[in-house]
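A look at the structure
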Amino acid sequence: MLGLDVSSSSVKLVELGQNKAGDLVLERCAIEPLERGWITDGNIEKFDEVAEAVRRLVRKSGTKTRNVAMALPPSAVITKKITLPGGMSDSELELQVETEANQYIPFPLDEVSLDFCVIGPSANSAGDIEVLIAASRKEKVQDIQGLAEAAGLKPVIVDVESYASRLATNRLIERLPNKGVGSIVALFEVGAVTTSMQVIRNNEVLYDRDQAFGGAQLTQLIVRQYGFSMEEAESKKRSGELPDDYESSVLNPFVESMVHEIGRALQFFFTSTPHNKVECVMLAGGSAALPGLTAAVTKQTTFACSLVNPFEGMEMGERVRLNKMTREAPSYLTACGLALRRFL
């Protein structure tokens with residue numbers, strides 16, 4: 001099964017396999033940029049153009065796999081943990097979930113796609129179980145299913161982006177000392193327009209927050225400074241063909257404001273929870289690999305900061321171009337988490 005991540009600035013594909021020893025192998029990864037405005041606020045505005053980009057991506061990757069896992073942004077999904085009596089049959093549980101869901105979902109149930117999973121025994125009431133409900137409007141689910149189908153793929157899983165990125169991050173947390181048990185990790189995903197933060201401990205989310213800040217702001221600064229069009233600025237930002245004063249006039253001030261945003265988000269976490277430190281900060285997303293960013297975050301926050309490589313510790317398939325993959329690795333976190341669903 002492929003992991004296909006559709007964001008506002010690009011579509012990303014990851015295919016994972018296993019070797020004889022059962023270790024993960026990165027078989028393929030590919031990325032295809034999208035033009036500004038094709039997807040805004042998680043809504044597909046230019047369906048045919050995005051579908052064509054997905055087709056190009058599949059061709060470029062060379063995959064023959066057709067099953068695909070995709071995800072919706074958290075803003076398009078309502079999730080709620082509820083407590084129910086234990087010992088019910090599957091059909092009784094399903095009925096009970098639908099009854100409960102009515103209280104939390106502000107749309108008629110026939111307009112939503114609904115799913116649930118049993119998390120485990122309730123910590124607070126003996127004999128009860130904790131159940132996670134997830135619901136999204138049918139049209140949102142149909143939109144991304146339609147994208148996959150238009151590219152000749154078969155959507156088998158629709159996940160939530162933040163859950164997928166957490167699944168991929170948990171693999172990395174397990175590589176920390178003591179397998180990461182008890183470690184509080186702040187994950188920042190720097191997208192084009194939004195930076196989302198999740199603070200994770202032992203697979204639980206302690207805190208999450210989205211900030212309207214991302215790589216598109218750097219593109220706008222380049223436009224303002226040098227008079228390029230948005231398209232020119234984006235392409236020069238990617239290729240690195242920018243004037244000599246770019247670093248001092250544009251990049252460094254942008255990195256500084258990003259560090260400030262990350263520091264501020266951490267402060268929000270500390271003031272609204274009993275915690276006052278994190279073991280480490282992890283940065284993912286297209287703009288996470290900016291020169292000097294991780295060092296500046298470490299210096300400003302005093303917490304060790306690293307760049308996420310979701311493929312760390314995996315064997316590399318023969319089709320993977322190592323240099324390109326290493327450069328783009330932080331962008332693949334969600335797509336990697338979706339591809340990992342194959343092994344759950």
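Okay, so let's go over this structure. (Residues numbered from 1 in each chain as written. Predicted model: local features only at pLDDT ≥ 70, side-chain atom pairs only at ≥ 80, totals over all residues. Heavy atoms only, no water.)

In this section: the layout of surface pockets. To find leftover empty space, a probe the size of one water molecule is rolled over the atoms. There is about 250 Å³ of room inside the second largest pocket. Along the walls of the second largest pocket sit 14 residues, with Cys29, Ala30, Lys60, Arg319 and Arg321 positioned nearest its centre. Elements with a minimum of two residues in the lining of the second largest pocket: strand E3 (24-33), helix H1 (47-61) and helix H9 (322-328). Element by element, the count of residues in the lining of the second largest pocket is highest for E3, at five residues. Among the residues forming the lining of the second largest pocket, the class breakdown is six nonpolar, one polar and seven charged. (1 Å grid on protein atoms, 1.4 Å probe; cavity = no way out; pocket = protein on both sides within 12 Å on 5 of 7 lines; lining within 4 Å. Points joined across faces, edges and corners; volume = space filled by probe spheres on them. Helix = DSSP H or I, 4+ residues; strand = E, 2+ residues; numbered from the N terminus. Nonpolar A, V, L, I, M, F, W, Y, C, P; charged D, E, K, R; others polar.)

Let us look at the pattern of salt bridges. The tally for this structure, following the rule as stated, stands at 15 salt bridges. The shortest N-O distance in the salt bridge between Glu32 and Arg56 comes to 2.9 Å. Taken together, the residues span a long stretch of sequence, with Glu32 in strand E3 and Arg56 in helix H1 at a distance of 24 residues. Judged by relative accessible area, which is 10%, Glu32 ranks as buried. For Arg341, the salt bridge is made with Asp159, and the minimal N-O distance between the two is 2.8 Å. Taken together, the positions of Arg341 in the segment after helix H10 (333-340) and Asp159 in strand E10 (residues 154-160) put the pair 182 residues apart, joining distant regions of the chain. For Asp159, a relative accessible area of 11% gives the class buried. Put simply, Glu32, Arg56 and Lys60 are held in one network by salt bridges that share partners. (Salt bridge = Lys/Arg side-chain N within 4 Å of Asp/Glu carboxyl O. Buried < 20%, exposed > 50% of the residue type's maximum accessible area, 1.4 Å probe, protein only.)

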